[in-house]
Amino acid sequence: MQFGSASTSQHSVFINPFLPGSQRRLAPGAKTFDGRRISPKARPPVSGSTPTAILDEGSPSWTAPESWAVEKEGADESITAYSSSEESAHGKLTTTPPREARNNKQKKKRSSQSRGLYKVRIYRANNSYHVVSCDLNVTVAQLTPQLNKKLLLDPGVEPHRLHLKERGRERILAPTERPADIVRRRLEQAGYDVADGLDLLGADDIQFLLKFVYKSNVLGPPEDEMQFEAFDLIDLTSRSLRAVPITLYAHADAIVSLNLSRNPMLEIPLDFIQACSTLRELRLSHMALKRVPQSVRHCQTLQRLDLSCNRIAELDDAGLDQIPQLRHLKLQNNRMEKLPFYFPHMRELRDLNISNNKFRHMPAVVCELRSLVDLDVSFNGLSELPEELGQLAQLEHLIIVGNSVHRIPEKFTHMRSLRVLDCRRNPITDISVVCTLPKIEQLLADHNSLHALDVSFGPSLKQLDASHNDITQLTLVPGPLGLPYALTTLNLSHAKLSALDEMALAQLTALEVLHIDHNSIRSLPESLGALSHLKHLSCSNNHLYMLPSSIGRLQWLEKLEAHNNDLSELPMSLWNCSSLQVINVTSNVISTWNLPPGSIDLDVAVAHAWGSTVSLIPDRKGSSSSLTGSVLPALAASLEQLYVGENSLTADTLHPLALLKELQVLNLSFNNIQQLPSSFFRNLTALRELYLSGNHISAIPTENLQHMTNLEVLFLNGNKLQTLPREISKLTKLSVMDVGSNVLKYNINNWEFDWNWNFNTNLRYLNLSGNKRLEIKPDMNHRLSRNQQQLSDFSSLTQLRMLGLMDVTIGMQTNIPEESEDRRVRTSMADVNGVAYGIADTLGAREATDQLTMIDLVQPHFRGSPYEAVFAMFGRASYFASNNKLTKFLHDSFLRVFTEELARLARSESVEDAMRRSFLKLNKLLHDYLYSTSGRKMSHVSASAMNQAVHDKIGASGIVLYLVHRTLYIANAGNALAVISRQGNAQLVSRKHDPFDRLEIARIRAAEGWVSPKGFVNDEIDVSRSFGFYYLLPVVNPRPDVFRYDLTPLDEFVIVGNRGLWDYVSYQTAVDIARKERDPMIASQKLRDFAISYGAEGTTMIMVIRVSDLFPKVGDLQRSPDPVILPEELIRIVMQRKGGTGIINRDISRLDDEVSPPTGHLALVFTDIRNSTHLWEVNPGMQSAMVLHNNLLRRLLRFCGGYEVKTEGDAFMCSFPTTLNALWWCMSVQTQLLDLAWPLELLECEDGKEIIANDKVLARGLSLRMGIHCGQPVCEPDPVTGRMDYFGPMVNRAARVNAVAAGGQIMCSADVIKEINARILESGPPTEQSFLQPAAAIDAIRTMGVSIFPVGEVKLKGLEVPEHLSVLYPAALAGRQSLEAFEAAPTASGSRVQFSVEQMRELGLLCVRLETLAMARVFRPTPTRKDSVVSVSAAPAPSAEAPADPDATEEQSLVIYDDPSLYLPVMDEKSSDAHLTTVLHSLSLRMDNALAKLAFMYMTDVERQRGGPDLAFRDMILELCRPAPL
């Protein structure tokens, strides 16, 4: 029915019916206006007569306002309702055809996937439901008759429509939409597969994902429930509104900001928009819009428009250019591939966000938005940026994160206003173009392809992040003379730097934060002391053997992070840093820290502090007990946190700690401290956290212990404590205590002398696990007089959250607290089906320990089988903590769900299917549990209500390991990961679900989610898969990645940990740390303590499972079986000198000890790098490559039982007790060299490029030649190094064997081949040494496989008797043999990055321009013209008709137009390397001369302005022009 005339014409001017007074027209027959009777989208009741139309003068008819929702004649409301392109049937809806015709038509359209019937559960308003069966092509219109029969109980009620609740909104489905297809697509997006029964899952309760409701056409809350305190800022998010509330019409002119996001509203009435005369901001995000509401273009005052997170594919008909004041436009997370033509007309537009769309090229219209200030094009498919983008002279912020851009256009130099450029996660190779921009302040370029920083920083650049690049060198080109760099933050971490240029560092005088961790730097330059403003220095995970003494000049330094280096001592000057608050030097080899000269006498300090009762800290009034004539170092008054774990400190080196009176955190874990000084705690009364784990401490000193009243955290695990002093009971604030893995065996009821936990009532974390001698049983004869309390129970610890009692003997009548949502109690044995395991965790920060946010699960004899076990952990998915209720449910429910899914497996299905289904089903059950117990009925669980619940925004990562015999299945969702140690090499057997991962980005986008530049899904959480987080489902879902791993005797243990471990400790470092400990419990505790030392915050949980227990022991892999040993006197000499000649490398020192030097019959290996001399000369990546090479060889020596004799340059000489140990090492080296992260410069040259044949990598990086020979050499220790050396003919022959080998080959003598035939191939008779070959080496070699190619007899240089040689490769690298025949002789040209003629021409053009500038002219290349010949002197001549312009004439006189090739040497693609080298040398000399002349010209101009010569300035110019020494 329609009001008014049936005419379809509309008046061009709409008069607002809500205006007051005479300007307002009244409805026919009405005397007064009543706004309450107007429903924006309600259909008016049918009356007996049609109201008469009110016609304006001069207008043929009157059209009702849009807010009246008047139907047009002949229009079908259902056709214009909401429709999604993916979820609607194609084509125009027609009447339902006859059954046979309809079936034939659907058969043609139906795909193979849609042939079956899908079940869909549809609810009534009262939450009862009916399940319908239909195929994927059935539309809502076709389904409605059946719904009316089944669900519409009263035919007389108002019409019903099918509603869909999902993703925080509720909407009415259009007649063309297909409910079954919606269910299928949502289930697939949520992680389900076709094999999971998508056709049947829709019949289940899937309200956690979506819900169909068939009810009356009413959405949103009643009008009387919507009350507004003010009308300027209106937020109607997630109200299920189809129309604007009537209440707002009367106050439309007061609305400044209107948020209608997450509502099913498709149009905003035009009359309402026109009435909003002061509207400045309109938000229409998450509304599933396919097009922009037509009325938006009529809002003349709108300045901010948010259309993000919709389904908009194009804006051609949006008319946004008709909004004159539009300045901010958000279009991220839509489906646009282009922008409309009218965009350049939006001259007021300042902020444009088109990230997370489908752009493959930058829209050309963006380059014409000259007023643009902020532009975000992140996470599109951009492969390049147009040069025209440089025209945006007013652009200040440009964000291009997550694209595929390779280069920054040269015309970006015109972006004079650019302040922030965020180009992270692109393959950009050069950023020098933007570094010198005059206003650039922040440049973020991490995760790119930079391999060198030869840049000059602009005057405003304050922050540069170039981390996670393959940078091998940093060179700062001098900037404007007299202008210091303004850079305050520089991040070069996770690169390949081997050194820092001293001059480059000295120029950064304004630097406040410097990150250079995760490089290969050996030492820091002394110019570090010139950084007078430096506050934070992070140089961890390098190979630093010392810190510069100039560090004491850094008076503003607050934080020093140098953990995981090779530091043997701390500089004395460090005591002079008066602002230093945090020092972290964990994981070094520090054995001493001396006081600076002139400070307090250490002997006097020790005598006063730890040898008498006199306080070390002098009395301010100068009492007789004070230390006169001594000055406390400045550091003593500032240092608050000191981390020196895993070093070589002893009790004798702890005395300087007595000076640190302000110390709050002290970590001395894993040193060589056997006994603490008796007065150790005297001056450490400010301590809050004390870590003494992993030492050899047998007793805790009791003197002054009771005065440490601020102590909250005490870690004593991994020591040799038998008892604990009673004084610990007086530490009233103690909340975390770990004394696991000691040898406690005291009587816990002896409270008068020994500690009992019941006196520390604030304990929230107590770990006693691993104390196998400790017994906790009630004392039936003695009770404490106070309240007759039993000291064997834990009833006093009401705040306890974690109690560890693994391997502790517990009496039958001991009252062990029950587990609950708030408490975890571990009482099991540390053995599961014969496999030892250990676990360690932390509660995180003090303010976050009220809840148990991580929980572990260990189930031996799973399903009653002695060969099955389950290990799992749940919790802490994102940067914030999880929820104890959630994690406890996952813990309690997983085994039941997993058992059910295993039982349901079909014959064609696998365990992987059961694990995937278990995770998905567990997520559904978790939803039902959370919301059914939260006091709300499930019928009221709508998406809008869910968004307001606290349960929506909690989640948990999960990882499960299912052990069946010797097969391990690993499933994980989130950032809880598992790493397995295979012969000491870390192998990741799970997947981190990072939102920055390209595969995860594609999945997120397909589910209509998006990733923000900071790496958060929907700008909410930093993990892409997780349990919970239902308001983000299906974008964030718990579908796991499932791995199957067949265990072998080479596998040692598995490390399982959450993000608290893996965010701070690398996979290989974790394996090295755990491999040092034989007890998995101690290994897990050690890993936890390391994570804390490295900066881990929040909840951390680590589990170590020793899978090697599944296999019989094969003995010590590295012990020499050779019975021939050195004379006792010679052994004594070598061992005495070994302590001072060992390898000072923290990574190597974590491994097993080096074997004793082999003697008697042994094998020698010589190695050498092919073409290394030329590589050192011309390739800048060689220094970083050598660090990788040396570390790998030394690391594998520890694994394979080898002894490093000596090195000469890049060549190694190593000895092995057996021949097969040597062969094992050589094959392992050749294989693992291919996997190293070589510098990009090395991979781009001929000597290091990657070679692939038959889909196998045969060569990559450094090429190493190796030679093996065995025999009995002369053994004698070196008098200088103290290491064993070898002499004699056998050594000479081994060296000559290596000299014959080519790069990538293992050359073997005849004796070596005999041993291989005897023990590996079993094709020859055994030798005298065959029975001594270790089984581990034999198994490893057989696993890799050997390929032998005989060479024949070869006359070796300097040796009379020829040797029968053979070339050997690991089986996977046998293809190298065919490459060697075509290998050219090594040349210098193959060692460097290859010349590019095009780059040489660009360099030549730069040279010509500099020479022209030196003549006070400007050179411009002659423009290329088609179909014409350009004269050499073809400067653009002025038109005869154009008037003469003096400025143009002057410009032409200064500009030289010419062909640059006329001024350059001849070069083309056929030019030899020698010729190009000569050209390069010539151009360098010409550029040097031109720059020198420009410098002198500048000097002349400056002196002219100053009125006379300036000697200091001249000296500076001369210093710049002086040639660099060779």
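Refer to the structure presented above.
Throughout this description, residue numbers start from 1 for each chain and increase along the sequence as written. Side-chain atom pairs in this predicted model are given and counted only at pLDDT of 80 or more, local residue features only at pLDDT of at least 70, and totals for whole chains, interfaces and linings cover all residues. Calculation of side-chain values draws on the structure's entire complement of heavy atoms; hydrogens and water are dropped beforehand.

1. A look at unusual backbone geometry
In this structure, Pro1034 follows Leu1033 across a cis peptide bond, with omega equal to 5 degrees. Its place among the elements puts Pro1034 in the loop between strand S44 (1027–1028) and strand S45 (1041–1046). Phi angles above zero are rare outside glycine, and Arg863 is one such case at about 60 degrees. Only DSSP runs of H or I with at least four residues qualify as helices, and only runs of E with at least two residues qualify as strands; both kinds are numbered from the N terminus onward. Take Arg863: it is sitting in the loop between strand S38 (854–859) and strand S39 (868–876). For each residue, the accessible area found with a 1.4 Å probe, counting protein chains only, is set against the maximum for its type, and the residue is called buried under 20%, exposed over 50%, and partly exposed in between. The partly exposed category is assigned to Arg863, whose relative accessible area is 45%. A positive phi is found at Glu1008, a non-glycine position, where the angle reads about 65 degrees. Structurally, the position occupied by Glu1008 is in the loop between helix H13 (998–1006) and S44.

2. Considerations on the sheet that holds strand S1 (residues 118–123)
Hydrogen bonds between backbone groups are what pair the strands of a sheet, and the pairing can be parallel or antiparallel. Taking strand neighbours across the sheet as the criterion, the five strands line up as S2-S1-S5-S3-S4 in an open arrangement whose pairing is mixed. Two strands in the sheet have a free side with no partner beyond their single neighbour: strand S2 (129–134) and strand S4 (169–172). Neighbour-to-neighbour, the strand axes of the sheet open up by a mean angle of 35 degrees, direction not taken into account. Criterion used throughout: strands pair if DSSP finds at least two bridges between them. Where S1 lies against strand S5 (residues 211–216), two bridges are found, and the strand directions are parallel. Pairing of Tyr123 across the sheet is with Val213, part of S5. For this analysis, residues touch if any pair of their heavy atoms sits within 4.5 Å. Axis lines are fitted to C-alpha atoms, over the contacting stretch for helices. Their N-to-C directions set the angle, which ranges from 0 to 180 degrees. Each of S1, S2, strand S3 (160–166) and S5 is contacted by helix H4 (residues 179–189), which is oriented at about 100 degrees to S1, the strand it contacts most.

3. What to know about the pattern of salt bridges
The term salt bridge refers to a side-chain nitrogen of Lys or Arg lying within 4 Å of a carboxyl oxygen of Asp or Glu. With the rule as written, the count across this model stands at 70 salt bridges. Its salt-bridge partner being Asp841, residue Arg826 comes within 2.8 Å of it at the nearest N-O pair. Of this pair, Arg826 sits in strand S35 (residues 824–826) while Asp841 sits in strand S37 (residues 835–842), placing them 15 residues apart in sequence. With respect to class, Arg826 is no different from Asp841; both count as buried.

4. A few points about the sheet that holds strand S46 (residues 1051–1057)
An order of S36-S37-S47-S46-S42-S43 is seen for the six strands of this open sheet, with the pairing classed as antiparallel. Both outer strands of the open sheet, strand S36 (831–832) and strand S43 (985–988), are each paired with one neighbouring strand and no more. Here two bridges tie S36 to S37, and the two strands are oriented antiparallel to one another. Along S37, the bridge assignment pairs Asp831 with Ala836. Running at roughly 25 degrees to S37, helix H16 (residues 1080–1093) makes contact with S37, S46 and strand S47 (1100–1105) of the sheet.

5. Some details on the state of the cysteines
Only a pair of cysteine sulfur atoms within 2.5 Å qualifies as a disulfide here. Per the stated rule, a full pass over the model turns up zero disulfides. Among the cysteines around Cys276, which has no disulfide bond, Cys299 carries the closest sulfur, lying 6.8 Å off.

6. With respect to the packing of helix H20 (residues 1182–1200) against helix H21 (residues 1219–1232)
Their axes nearest at 10 Å, the elements H20 and H21 cross at an angle of 140 degrees. Note that H20 runs across H21; the crossing there is right-handed. Of the residues in H21, those touching H20 at Leu1192, Leu1193, Leu1196, Leu1197, Phe1199 and Cys1200 are Asn1221, Trp1224, Trp1225, Ser1228, Val1229 and Gln1232. Throughout, the ten residues Ala, Val, Leu, Ile, Met, Phe, Trp, Tyr, Cys and Pro are labelled nonpolar, Asp, Glu, Lys and Arg are labelled charged, and all others, Gly among them, are labelled polar. Residues that form the contact of H20 with H21 fall into these classes: nine nonpolar, three polar and no charged. Definitions for this section: a left-handed crossing has its near helix turned counterclockwise from the far helix by less than a right angle. A right-handed crossing has that turn clockwise.

7. What about the environment of Ile980?
The residue Ile980 is located in strand S42 (residues 977–982) in this model. Not counting residues up to four positions away in its chain, the partners in contact with Ile980 are Asn985, Ala986, Gln987, Val989, Tyr1045, Leu1047, Asp1051, Phe1053 and Val1054.

8. Describing the environment of Ile471
Relative to the helices and strands, Ile471 resides in the loop between strand S17 (463–465) and strand S18 (474–476). What makes Ile471 buried here is its relative accessible area of 1%. The spacing of Ile471 and Ala452 is 19 residues in sequence and 4.9 Å in space, taken between C-alpha atoms. Residues in contact with Ile471, not counting those within four places in the same chain, are Leu450, His451, Ala452, Leu453, Ala466, Leu492, Ala495, Lys496 and Leu497.

9. Some points on the nonpolar core
One broad rule of soluble globular proteins: the nonpolar side chains tend to lie buried together. Leu315, Phe343, Leu352, Met737 and Leu766 are the most contacted members of the largest nonpolar core, which totals 179 residues. Contributing elements (two or more residues each) for this core: helix H6 (270–275), helix H7 (432–435), strand S16 (453–455), S18 and helix H8 (502–506). Residues belong to a common nonpolar core when they are buried Ala, Val, Leu, Ile, Met, Phe, Trp, Tyr or Cys residues joined through side-chain atoms within 4.5 Å.

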